[in-house]
Amino acid sequence: MAKERELDDANRRLTTPEAERWIGRKIPCLDHGFIYLVDYMGGDASIVQAARVSYGLGTKSVSEDRGLIRYLMRHQHTTPFEMVELKFHVKLPIFVARQWIRHRTACVTGDAGLIFDLPGAERRGRRQYYRVTIENLHRLWHEGTTHPIRKRKPPYLERVDTATDYTVPELSRLVDRREEDVRNRIRSGALEARTIAPISPKHPCLFVRGSAWHAYATRSYLARVPMRDRLRRMRLRMCDESTGEIRHTQVMDVWQSGVRPVYRVTLENGYHLTMTKDHRCLTERGWMTLGEATGLRQRDDGGVTWEGTAPALAVNGVVPHRDPGWLSEQRRRGLDVSAIAQNAGVSYHTVRKYLARYGLQFELALLAAVENQEPLRHFWERHSPGPRPERKRKPPVRRLVRTFVKIARIEFAGHQMTYDMEVSGPYHNYVANGFIVHNSVNEYSGRYSIMPDEFYLPAPENITLQSKANRQGGGESVDRERTAEVLALLEREQRLMREGYEKMLAWDLRRELARINLGVAQYTEWYWKSDLHNIFHFLQLRLDPHAQHEIRVYGEAMAQIVRAVAPVAWEAFEDYQLQAERFSRLELEALARLVGGETGKWPSDQQVIKALPDPWRETGPGRSLKRNRERDEFLAKLKRLASHRRSRV
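Model, not experiment: these values are computed from the prediction.

Asker: Would you mind going over the overall build of the protein chain with me for this structure?
Answerer: Per the secondary structure count, the protein chain includes 25 helices and 28 strands. Split into buried and exposed, the 649 residues of the protein chain put 41% on the buried side. Considering only intrachain contacts with a sequence separation of at least 6, the fraction spanning at least 24 residues in the protein chain is 70%. Counting every atom, the protein chain has about 37,800 Å² of accessible surface; 50% of that belongs to carbon and sulfur.

In structure tokens, the structure reads:
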């Protein structure tokens, strides 16, 4: 622990000199964008320390630390890489942000219940809520809902014989439909019919089998109803961080974040929520991830350890008059019982009862006034109950304020599909299973601020035709004249949208309405925080040569920063993920035949050793190969490949 003791007491965290130089240093991206490192936590040493929980810092050599990190990356032991976190400030076009947003990693499981307050109940002076799991919300948001389409008229199946052929007029009379309606069903393919050559022009040629009518009449059709707009208007509970009151926000988007390791957190009041370790929760010490708040660590046996001194977590809340903290704040503001009762939405006598229960009666204030030699008439002027209403008033809807509850236990819940969502500001939090949790990204809000007059125009060399082989890729370059025409078209339409936006602002329309016509080329900004494991996943996708050029630019800039924060981990990521290839079973069969050559002979051990890279062929005393775990694993793979080939011969 020598290195830890050498750290300055004011800043007891490991730092990397190369990473420190990147803090606040903007890397330009595209024409108006940028990315820079706001802060980071940990580095290569943090990964090693997490992997060797039983060892202190600095107990192993640098070479052994490097070997351990490479081993972890090679065998996909991802948890130690989650010990390193980076926070970026990014300015990017909205269409790039839409690709990026899918890589947000702080998330909860599908059984997390979201609380929506029903506005109709509030208008009636009551509080009534509707609970929906985030998994169902995701399904409704993206797929909508379906319901069977009921036929308006009875099908009269008892009148139609399944073994009889009917002409259209005959069938129409039996089932009480218009002939044209029956013919339209036949034309659309919903009702099966057959055509025969007529004996004469007066004879019918179109017949419907009775069984075909039975099949049509008993077949159910489903109507799909989009739900996104309706869900976006619903009032989701959130916490006003300035007052602690439970208010409402709206859902902006919801998505799946993939299968991830999750932990079930249970509070002393029985509330429980299953979430990832990097999900942010509101605590009595402010916003913290679950890992930061509890020091959560997973043991080899699947159990977890966490610090018993973890701060209490904020929950959905209690009615204000039952919270002593809220009542004390009202008293400090000098409000009388009637004003407090109005703010809490309860009766005068209810507030008096809870003031007495928590020892906050106004008798104490009277005693303090006497001790301070304040004239009593001044005291009674401040605390006069006021005139009694002529008739009893119906109190307003009861309000809720947040409260804090200690953690009772934390359990590892395995790997589950996780979800996250974006809500509108200014406080980007929402209530899930009673917990107050946060988005993993804060974006520049055009609802509260004026959007900057900046939009993205691609460079001429990046204007290409659609690829014929890849629906998401670009193909051949566009000629110079067409390129100039495309750029002029893009700029003209962006300017037109900007003029409309500024005109609506000049009319003093609300900003959330004025912004709706701005295009996806408009620049926005956000803060993005994630751990190293998920950043590697992001970069593996976005540094691929087939990734869209615009987001690849941000990936390349981010890679420079990540390389400085954790250079050994970056080297392992490049070797085992970024520059590596995976093979399917069929590809392995083909590879085994290729390695065997035309003669069918497998390479000898000497040929294999000769083909190894230089670092794997270092020799020690007696000219024997030095121990190298990576080389030994490769040779074991070759043996499995050889046995795979023999089993197929």
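Asker: Any chance you could explain the packing of helix H20 (residues 532–542) against helix H22 (residues 567–578) here in plain terms?
Answerer: Packed helix pairs are specified by the crossing angle of their axes together with the interaxial distance, meaning the distance between the axes. At a minimum axis distance of 11 Å, the contact between H20 and H22 shows a crossing angle of 45°. The orientation of H20 relative to H22 falls into the category oblique. Relative to H22, H20 is oriented so that their crossing is right-handed. Of the residues in H22, those touching H20 at Leu532, Phe536, Leu539 and Gln540 are Ala569, Trp570, Phe573, Gln577 and Leu578. Tallied by class, the residues present in the contact of H20 with H22 amount to 7 nonpolar, 2 polar and no charged.

Asker: Please clarify how the nonpolar core should be interpreted in this entry.
Answerer: A general tendency of soluble globular proteins is for nonpolar side chains to be buried together. Counting residues in hydrophobic clusters, the biggest one holds 49 residues, and the most contacted among them are Leu86, Phe88, Trp100, Leu532 and Met558. Dropping the residues within four chain positions of it, Phe88 is found in contact with Ile35, Tyr36, Leu37, Val38, Trp526, Tyr527, Trp528, Ile535, Met558 and Ile561.

Asker: Teacher, can you tell me more about unusual backbone geometry here?
Answerer: The general pattern is negative phi for most residues beyond glycine and trans for most peptide bonds. Of note, the phi angle at Asn433 is positive, near 55°, even though the residue is not glycine. The class for Asn433 is buried, based on a relative accessible area of 16%.

Asker: Even after reading the chapter, I still don't get the environment of Leu140, so can you show me in this structure?
Answerer: Locating Leu140 in the fold gives a position in helix H7 (residues 134–143). What makes Leu140 buried here is its relative accessible area of 15%. Expressed as a C-alpha distance, the spacing of Leu140 and Met227, which sit 87 residues apart in the sequence, is 6.1 Å. Look past the residues within four positions of Leu140 in its chain and what remains in contact with it is Thr145, Met227 and Leu231.

Asker: Which parts of the structure should I look at to understand the sheet that holds strand S9 (residues 194–195)?
Answerer: Note: strands within a sheet are paired through backbone hydrogen bonds, in either parallel or antiparallel orientation. In spatial order, the strands read S8-S10-S9; together these 3 strands make up an open sheet with antiparallel pairing. The sheet is open, and its two borders are formed by strand S8 (165–167) and S9, each paired with just one other strand. Judged from the 2 bridges that link them, S9 and strand S10 (residues 206–209) form a sheet pairing that is antiparallel. For Arg194, the partnering residue across the bridge sits in S10 and is Phe207.

Asker: Please clarify how the packing of aromatic side chains should be interpreted in this entry.
Answerer: Here the distance between the centres and the angle between the planes together describe a pair of aromatic rings. Enumeration according to the criterion identifies 14 aromatic pairs in this entry. On the basis of an interplanar angle of 40° and a centroid distance of 4.9 Å, the ring pair of Trp100 and Phe538 is categorised as tilted. In this pair, Trp100 sits in helix H5 (residues 94–100) while Phe538 sits in helix H20, placing the two residues 438 residues apart along the sequence. Its relative accessible area of 0% is what places Trp100 among the buried residues. Residue class for Phe538 comes out buried when judged on its relative accessible area of 0%.

Asker: Hey, could you run me through the pattern of salt bridges in this one?
Answerer: Any two side chains of opposite charge can pair if their charged atoms end up close together. On inspection of all chains with the given rule, the structure shows 20 salt bridges. Of the charged contacts in the structure, one is a salt bridge between Asp117 and Arg237, with a shortest N-O distance of 3.0 Å. Remark: Arg237 occurs in strand S12 (residues 235–239) and Asp117 occurs in strand S5 (residues 113–117); sequence separation between them is 120 residues. In this structure, Asp181 and Arg178 form a salt bridge, with 3.0 Å as the shortest nitrogen-oxygen distance. In this structure Asp181 comes out as partly exposed when scored by relative accessible area, which is 24%.

Asker: What is the right way to read the side chain of Lys91 from this model?
Answerer: Tracing the sequence through the fold places Lys91 in strand S3 (residues 85–93). Residue Lys91 is classed as buried on the basis of its relative accessible area, which comes to 9%. Engagement of the side chain of Lys91 in a polar contact is seen with the side chain of Glu454, the distance being 2.2 Å. Apart from the residues lying within four places of it in its own chain, the contact partners of Lys91 are His32, Gly33, Phe34, Glu454, Tyr523, Thr524, Glu525 and Tyr554.

Asker: How do you make sense of H22 when you look at a structure like this?
Answerer: Residues that lie three or four places apart on an α-helix share one face, since the helix turns once every 3.6 residues. An ideal rise of 1.5 Å per residue puts 16 Å on 12 residues; H22 reaches only 14 Å between its terminal C-alpha atoms. Ala569, Trp570, Ala572, Phe573 and Tyr576 are the residues of H22 that are buried. The buried residues of H22 occupy an angular sector of 160° when the element is viewed end-on, so they sit on one face.

Conventions we followed
Residues numbered from 1 in each chain as written. Predicted model: local features only at pLDDT ≥ 70, side-chain atom pairs only at ≥ 80, totals over all residues. Heavy atoms only, no water. Helix = DSSP H or I, 4+ residues; strand = E, 2+ residues; numbered from the N terminus. Buried < 20%, exposed > 50% of the residue type's maximum accessible area, 1.4 Å probe, protein only. Contact = heavy atoms within 4.5 Å. Areas by Shrake-Rupley, 256 points an atom, 1.4 Å probe, with all protein chains shown as cover. Axes fitted to C-alpha atoms, helices over the stretch in contact; angles between N-to-C directions. Parallel < 35°, antiparallel > 145°, perpendicular 65-115°, else oblique. Left-handed = near helix turned anticlockwise from the far one by under 90°. Nonpolar A, V, L, I, M, F, W, Y, C, P; charged D, E, K, R; others polar. Core = buried A, V, L, I, M, F, W, Y, C linked by side-chain atoms within 4.5 Å. Pairing = 2+ DSSP bridges. Phe/Tyr/Trp six-rings, centres within 6.5 Å; stacked < 30°, edge-to-face > 60°. Salt bridge = Lys/Arg side-chain N within 4 Å of Asp/Glu carboxyl O. Polar contact = N/O pair within 3.5 Å; in protein donor to acceptor, adjacent residues only side chain to side chain. Expected span 1.5 Å × (residues − 1). Arc of directions from axis to C-beta.

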